[in-house]
Amino acid sequence: MITNEKILALTEEAEEKLDKIFRKFDKTSYKNTVKIMEAFARHRVDESCFAGTSGYGYGDKGRDTLDEIWAEVFGAERAFVRHNIVSGTHALAIALFGILRPGDIMLSVTGKPYDTLDEVIGINGKNGDGSLADFGVEYMQTDMKNGTIDLEALKEKLEENKDRVKMVFIQRSKGYMNRKTLSCDEIGEAVKTVRSICDAYVVVDNCYGEFVEEKEPTACGADLVIGSLIKNPGGGMAESGGYIAGTSRAVELCSYRLTSPGVGLECGASLNQNKNMYRGLFYAPHTVASALKTAALASYIFEKLGYGVSPSYDEERHDIIQTISFGAKEPLCAFCRGIQAGSPVEAYVTPEPWDMPGYSDEVIMAAGTFVSGASVELSADAPIREPYTAFFQGGLTYESGKYGIMTAAEYLLKELEK
Ligand SMILES: *Cc1c(COP(=O)(O)O)cnc(C)c1O
């Protein structure tokens, strides 16, 4: 039970202030839920869709129907969702290798992509592991300007390399960078700019962005959106998986990389995972709204406690990530210990900073989740370096997210009393 008077009062105050904002999240959740339920009805979802297949998985009705529903919900021509896509990185790698050929250029227009893609693209100085660079795919990037895509720089790079840029790559969410998350409309503007110059595929890393708005980047003209089922669109129900949605040809090319040329989406046993993915999609808009409410609540509380937050509680949100900067190691670690203690699973564990392979600073991570590593459930992580910023996201239910945030605030205040 939370007993700290200051935190109880602050939470009460926050919820009053956030009432209108919470209603906006609920409205978006309702619109996306309706979209999903109408698609379920149109595609006649019934018990037979939940039956699993084994072996080759030919004619898996549940799998094929969910692919069609996914395309519709994402405003795309075609899509595939698979439990055996192991992560967001895997889904992104399928798309990059599905589309790009030797001699092509991949142009990232949101600065350097998410860390785990360094080795996929081959910009980590290593070679021989079969990165895009090993296969003769060239990588270029333009950085963001004034918090959005630098359309002038994009135009310039495209004009210079018109015949070779096969893919323009956009990361929607800030991920773990100090930048703004893009809205679908901003992505739509970039799509227009690309189309005015050449016919490169516009590919969007959609991680953490799904169902935060009433539409997805595919509905704004992007050729592909890609994401992970242990984030937003799995709704906390999918046990694992990833998805790719977009234009017919782009998705078809990805399907040949998912399985093999010729096989595409004909095969792939669902092994009884269909129901979790259907149910996850059904829950996803609501789960995302819970995560957004949790983030806004935390933003309000920790700003009032004197810490730097982004976004602020009343700023428009385009993903579920919230950052809080603590300015010193001890309060940051106390916050993470509180998030862990306020989790439904492994609440007894004490997170400690450690030297994680591949990171230059120590990292502290807090997560007590039903699905291992799921970041749509409440979790936080932070590199131990200036300005001691925690990135956190999730909250399967607002009630549990609120409890987690209040517990973290309590741990923080206790640390400060020392
Ligand atoms: C999570 C994430 C990924 C993929 O990460 P996985 O851990 O492999 O699922 C890629 N890009 C962004 C922006 C992400 O947030």
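Residues numbered from 1 in each chain as written. Predicted model: local features only at pLDDT ≥ 70, side-chain atom pairs only at ≥ 80, totals over all residues. Heavy atoms only, no water.

**Q** How would you explain the packing of helix H3 (residues 88-99) against helix H7 (residues 248-258) if you had to name every residue and give the values?
**A** Describing two packed helices takes the angle between their axes plus the distance from one axis to the other. Across the interface, H3 lies against H7 with an axial gap of 8 Å and an inter-helix angle of 110°. Regarding the angle of H3 to H7, the classification is roughly perpendicular. Across the interface between the two elements, Ile94, Ala95, Phe97, Gly98 and Ile99 of H3 pack against Ala250, Leu253, Cys254, Arg257 and Leu258 of H7. Per-class residue counts for the contact of H3 with H7 are 8 nonpolar, 1 polar and 1 charged. (Axes fitted to C-alpha atoms, helices over the stretch in contact; angles between N-to-C directions. Helix = DSSP H or I, 4+ residues; strand = E, 2+ residues; numbered from the N terminus. Parallel < 35°, antiparallel > 145°, perpendicular 65-115°, else oblique. Contact = heavy atoms within 4.5 Å. Nonpolar A, V, L, I, M, F, W, Y, C, P; charged D, E, K, R; others polar.)

**Q** An account of the side chain of Ser299 is requested, with residue identities and associated values reported.
**A** Note that Ser299 resides in helix H8 (residues 274-304). Classification of Ser299 by relative accessible area gives buried; the value is 0%. Of the polar contacts made by the side chain of Ser299, one reaches the backbone nitrogen of Tyr313; its length is 3.1 Å. Discounting chain neighbours no more than four positions away, the residues touching Ser299 are Val309, Pro311, Ser312, Tyr313, Arg317 and Gln322. (Buried < 20%, exposed > 50% of the residue type's maximum accessible area, 1.4 Å probe, protein only. Polar contact = N/O pair within 3.5 Å; in protein donor to acceptor, adjacent residues only side chain to side chain.)

**Q** Tell me about the nonpolar core, residues and numbers included.
**A** Among the nonpolar cores identified, the biggest contains 94 residues, and Trp70, Phe302 and Phe335 are the most heavily contacted of them. With 14 residues, the top contributor of residues to this core is H8. Those residues within four positions of Phe335 in sequence are excluded, and the remaining contacts are Phe302, Ile324, Phe326, Ala380, Ala390, Phe392 and Ala408. Leu92, Leu100, Ile226 and Val251 belong to the second largest nonpolar core, which has 30 residues in total. (Core = buried A, V, L, I, M, F, W, Y, C linked by side-chain atoms within 4.5 Å.)

**Q** Can you break down the packing of H8 against helix H10 (residues 398-417) residue by residue, with the values?
**A** It is the contact of H8 with H10, at a shortest axis distance of 8 Å, that shows an interaxial angle of 25°. With respect to H10, the element H8 is oriented roughly parallel. Both H8 and H10 take part in a crossing whose hand is right-handed. Contacts between H8 and H10 involve Ser290, Lys293, Thr294, Leu297, Ala298, Ile301 and Phe302 from the former and Tyr398, Gly401, Lys402, Ile405, Ala408, Ala409 and Leu412 from the latter. Of the residues in the contact of H8 with H10, the class split is 9 nonpolar, 3 polar and 2 charged. (Left-handed = near helix turned anticlockwise from the far one by under 90°.)

**Q** Mind laying out the site of the ligand, listing which residues take part and the relevant values?
**A** Near the ligand, the surroundings consist of Ser87, Gly88, Thr89, Leu92, Tyr114, Gln171, Asp205, Cys207, Tyr208 and Lys231. Ser87 has a polar side-chain atom sitting 3.4 Å from an oxygen atom of the ligand. Between the ligand and Lys231 there is a distance of 2.9 Å, counted from an oxygen atom to a side-chain nitrogen or oxygen. When isolated, the ligand has an accessible area of 380 Å², and the protein chains bury 87% of it. For the shell around the ligand, the leading source of residues is H3, giving 3 residues. (Near = heavy atom within 4 Å. Areas by Shrake-Rupley, 256 points an atom, 1.4 Å probe, with all protein chains shown as cover.)

**Q** Go over the pattern of salt bridges with me, naming the residues and quoting the values.
**A** This model, assessed by the stated rule, comprises 24 salt bridges. A salt bridge links Asp26 to Lys293; its shortest N-O distance comes to 2.7 Å. Of this pair, Asp26 sits in helix H1 (residues 5-42) while Lys293 sits in helix H8; the two residues are 267 residues apart in sequence, bridging distant segments of the chain. Overall, the relative accessible area of 35% leaves Asp26 in the partly exposed class. By relative accessible area, Lys293 is classed as buried at 13%. Glu152 is paired through a salt bridge with Lys155; the nearest N and O atoms lie 3.5 Å apart. (Salt bridge = Lys/Arg side-chain N within 4 Å of Asp/Glu carboxyl O.)

**Q** An account of the sheet that holds strand E2 (residues 105-108) is needed here, citing residue identities and associated values.
**A** The 7 strands are arranged E1-E7-E6-E5-E4-E2-E3 in an open sheet whose pairing can be described as mixed. At either margin of the open sheet sits one strand with a lone partner, and together these are strand E1 (78-82) and strand E3 (138-141). Between one strand axis and the next, the sheet turns by 20° as a mean value, whatever way the strands run. For strand E6 (residues 224-228) and strand E7 (residues 242-246), the ladder comprises 5 bridges, and the chain directions are antiparallel. (Pairing = 2+ DSSP bridges.)

**Q** Which residues make up unusual backbone geometry, and what values go with them?
**A** The amide bond that connects Ser310 to the next residue, Pro311, takes the cis arrangement and shows omega of -5°. Mapped onto the secondary structure, Pro311 falls in the loop between strand E8 (308-310) and strand E9 (322-325). Following Glu386, the chain continues into Pro387 via a peptide bond in cis, with omega recorded as -5°. If you trace the backbone, Pro387 turns up in the loop between strand E11 (379-383) and strand E12 (389-393).

**Q** Describe the sheet that holds E9, naming the residues involved and giving the relevant values.
**A** The strand order E8-E9-E12-E11-E10 describes an open sheet built from 5 strands, whose pairing is antiparallel. Two strands in the sheet have a free side with no partner beyond their single neighbour: E8 and strand E10 (363-367). Put simply, the sheet's adjacent strands are angled 15° from each other on average, direction ignored. Relative to E9, E8 runs antiparallel, the two sharing 3 bridges. Looking across to E9, one finds that Ser310 is bridged to Thr323. Docked against the sheet, helix H9 (residues 329-341) engages E9, E10, E11 and E12, running at close to 25° with respect to E10.

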